[in-house]
Amino acid sequence: MKSSRKRTLSFTAILVLLIVLIFTVVYLKSVADYKRAVKETTFRNLDISNVPDGVYVGEYDVDFVYAKVKVTVQNGVITDIDILEHKNGRGGPAEVVVDRILEEQKIEVDTVSGATNSSTVIKKAVENALTG
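Only a predicted model underlies this, so the values are computations on that prediction, with no experimental measurement involved.

1. Some details on the packing of aromatic side chains
We describe a pair of aromatic rings using the distance from one ring centre to the other and the angle between the two ring planes.
So, step 1. Going through the model one piece at a time under the given rule, you end up with two aromatic pairs.
So, step 2. Consider the rings of Y27 and F64, whose centres lie 6.1 Å apart with planes at 85°: the pair is edge-to-face. Of this pair, Y27 sits in helix α1 (residues 2-39) while F64 sits in the loop between β1 (54-61) and β2 (66-74), placing them 37 residues apart in sequence.
So, step 3. By relative accessible area, F64 is classed as partly exposed at 32%.
So, step 4. Joined through ring pairs, the aromatic side chains of Y27, Y34 and F64 make up one cluster.
So, step 5. If you follow K123 out to its NZ or CZ, it ends over the ring of F43, 5.2 Å from the centre.
So, step 6. One cation-aromatic arrangement involves K124 over F43; the distance from NZ or CZ to the ring centre is 5.6 Å.

See below:
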């Protein structure tokens, strides 16, 4: 009887370990895919002065980080950027990147140290709004 119980416990332990291992591998692959997506994000050389007046909405999603923005353009100048959504983990400080875009009137501004991935995603969402 005890031998049967030991086998059942051993089998259960192995099964639990196997499930944990599978979930770990899937998670690590997701993280690798996310990091690759951010690293491969490129920006166009956009001349904002050629963007027609209007309000534009854009988004960008790399799974672990997502941003949706509303960009207002008047007379060839970005006058406002509202972050409608920002799924970011610890990347909240990156939201100041919109102030840099407004100040410099270009998308290719410096990212926020410690929130580089969120900065990149927000900048790409702004670009997607203006080029979408």
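2. Re the packing of helix α2 (residues 97-104) against helix α3 (residues 116-131)
So, step 1. It is the contact of α2 with α3, at a shortest axis distance of 10 Å, that shows an interaxial angle of 45°. When the axes of α2 and α3 are compared, the pair comes out oblique. Crossing angle aside, the handedness with which α2 passes α3 is right-handed. Listed contacts from α3 to V97, V98 and I101 of α2 are S119, I122, K123 and V126.
So, step 2. Among the residues making up the contact of α2 with α3, the classes are represented as five nonpolar, one polar and one charged.

3. A few points about the confidence of the model for the protein chain
So, step 1. Of the residues in the protein chain, 99% reach a pLDDT of 70 or more, and the chain-wide mean stands at 92.
So, step 2. By mean pLDDT, the top-scoring element of the protein chain is β1 (98), and the lowest-scoring one is α1 (88).

4. With respect to the sheet that holds β2
The pairing of strands in a sheet happens through backbone hydrogen bonds and is either parallel or antiparallel.
So, step 1. Read across the sheet, three strands follow the order β1-β2-β3 without closing on themselves; strand pairing throughout is antiparallel. Edge positions in the sheet fall to β1 and β3 (77-87), since each has one partner strand and no second. Direction aside, the axes of adjacent strands within the sheet are offset by 20° on average.
So, step 2. Bridging between β2 and β3 involves nine bridges; their strand directions are antiparallel. Bridge pairing in β3 links K70 to D82.

Rules used throughout
Residues numbered from 1 in each chain as written. Predicted model: local features only at pLDDT ≥ 70, side-chain atom pairs only at ≥ 80, totals over all residues. Heavy atoms only, no water. Phe/Tyr/Trp six-rings, centres within 6.5 Å; stacked < 30°, edge-to-face > 60°. Helix = DSSP H or I, 4+ residues; strand = E, 2+ residues; numbered from the N terminus. Buried < 20%, exposed > 50% of the residue type's maximum accessible area, 1.4 Å probe, protein only. Lys NZ or Arg CZ within 6 Å of the ring centre and 35° of its normal. Axes fitted to C-alpha atoms, helices over the stretch in contact; angles between N-to-C directions. Parallel < 35°, antiparallel > 145°, perpendicular 65-115°, else oblique. Left-handed = near helix turned anticlockwise from the far one by under 90°. Contact = heavy atoms within 4.5 Å. Nonpolar A, V, L, I, M, F, W, Y, C, P; charged D, E, K, R; others polar. pLDDT = per-residue confidence, 0-100. Pairing = 2+ DSSP bridges.

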